[in-house]
Amino acid sequence: MYSWVQRMFARKLQIDYETDGQRHPCPIKWLDNFSMRSFTNASVFDDTLPVADGRLEVGSAVPIHLLREAMEDWFRRKGYLAGESRLLVSETSGV
């Protein structure tokens, strides 16, 4: 992988949703749908790269708290999250 890509997406995030007391990784389909700028129209999230279920890599300029709020809102509008479900975003050091 090119070194600039490794630096651009240097932060690794775990994206889960919690429903009925159980935690699940967000399907990559959800993450990919959010990351497509033509859908979100928010340039602040341009540096997002879905890599697997529950795994998102982001650039250093992406504000995590705003990302979580925007993703949760988007997932609710798409019907992915319902009722009392909530989105959990945490930064990891893993691969």
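The rules behind each value
Residues numbered from 1 in each chain as written. Predicted model: local features only at pLDDT ≥ 70, side-chain atom pairs only at ≥ 80, totals over all residues. Heavy atoms only, no water. Helix = DSSP H or I, 4+ residues; strand = E, 2+ residues; numbered from the N terminus. Buried < 20%, exposed > 50% of the residue type's maximum accessible area, 1.4 Å probe, protein only. Contact = heavy atoms within 4.5 Å. Core = buried A, V, L, I, M, F, W, Y, C linked by side-chain atoms within 4.5 Å. Expected span 1.5 Å × (residues − 1). Arc of directions from axis to C-beta. Salt bridge = Lys/Arg side-chain N within 4 Å of Asp/Glu carboxyl O. Pairing = 2+ DSSP bridges. Axes fitted to C-alpha atoms, helices over the stretch in contact; angles between N-to-C directions. Parallel < 35°, antiparallel > 145°, perpendicular 65-115°, else oblique. Nonpolar A, V, L, I, M, F, W, Y, C, P; charged D, E, K, R; others polar.

## Quick word on the overall build of the chain
Scanning the chain from N- to C-terminus turns up four helices and five strands. Looking at the 95 residues of the chain, the share that counts as buried comes to 41%. In the chain, of all internal contacts separated by at least 6 residues, the share reaching a separation of at least 24 is 58%.

## Considering the nonpolar core
Ranked by size, the top nonpolar core spans 20 residues in total, and within it Leu13, Ile15, Cys26, Leu67, Met71, Phe75 and Leu87 carry the most contacts. For this core, the elements supplying multiple residues, two or more each, are β1 (11–19), α2 (28–35), β4 (55–58), α4 (64–78) and β5 (86–92). Contact partners of Cys26, with chain neighbours within four places excluded, come to Ile15, Asp16, Tyr17, Leu31, Asp53, Gly54, Phe75 and Leu87.

## What to know about α4
Between its first and last C-alpha atoms α4 spans 21 Å; for 15 residues at 1.5 Å apiece the expected length is 21 Å, and the two agree. Those residues of α4 that fall on the buried side of the exposure criterion are Ile64, Leu67, Met71, Glu72, Trp74 and Phe75. Down the axis of α4, the smallest arc covering the buried residues is 165 degrees, so these residues share one side. Seen from the buried face of α4, the exposed residues on the opposite side, beyond 90 degrees, are His65 and Arg77. One or two positions beyond α4, positive phi appears at Gly79, with a value near 85 degrees.

## Re the pattern of salt bridges
This structure, assessed with the given rule, holds seven salt bridges. The closest approach of N and O atoms between Glu57 and Lys12, which form a salt bridge, is 3.5 Å. Here Lys12 lies in strand β1 and Glu57 lies in strand β4, a separation of 45 residues in the sequence. Lys12 carries the same exposure label as Glu57, and that label is buried.

## Considerations on the pairing of strand β3 (residues 48–52)
Taken together, the four bridges between β3 and β4 define a ladder with antiparallel strand orientation. Bridge pairing in β4 places Leu49 opposite Glu57. Here β3 hands over to β4 after two residues, with Gly54 in that stretch at a positive phi of 75 degrees.

## Examining the environment of Phe34
Within the secondary structure layout, Phe34 lies in helix α2. Remark: the alpha-carbon pair of Phe34 and Glu72, spanning 38 residues in sequence, is separated by 9.8 Å.

## What about the packing of α2 against α4?
Across the interface, α2 lies against α4 with an axial gap of 10 Å and an inter-helix angle of 110 degrees. Comparing the axis directions of α2 and α4 gives the class roughly perpendicular. Side by side, α2 and α4 meet where Trp30, Leu31, Asn33 and Phe34 of the first sit next to Leu67, Ala70, Met71, Trp74, Phe75 and Lys78 of the second. Taken together, the residues of the contact of α2 with α4 sort by class into eight nonpolar, one polar and one charged.

This is a description of form; function is not addressed.
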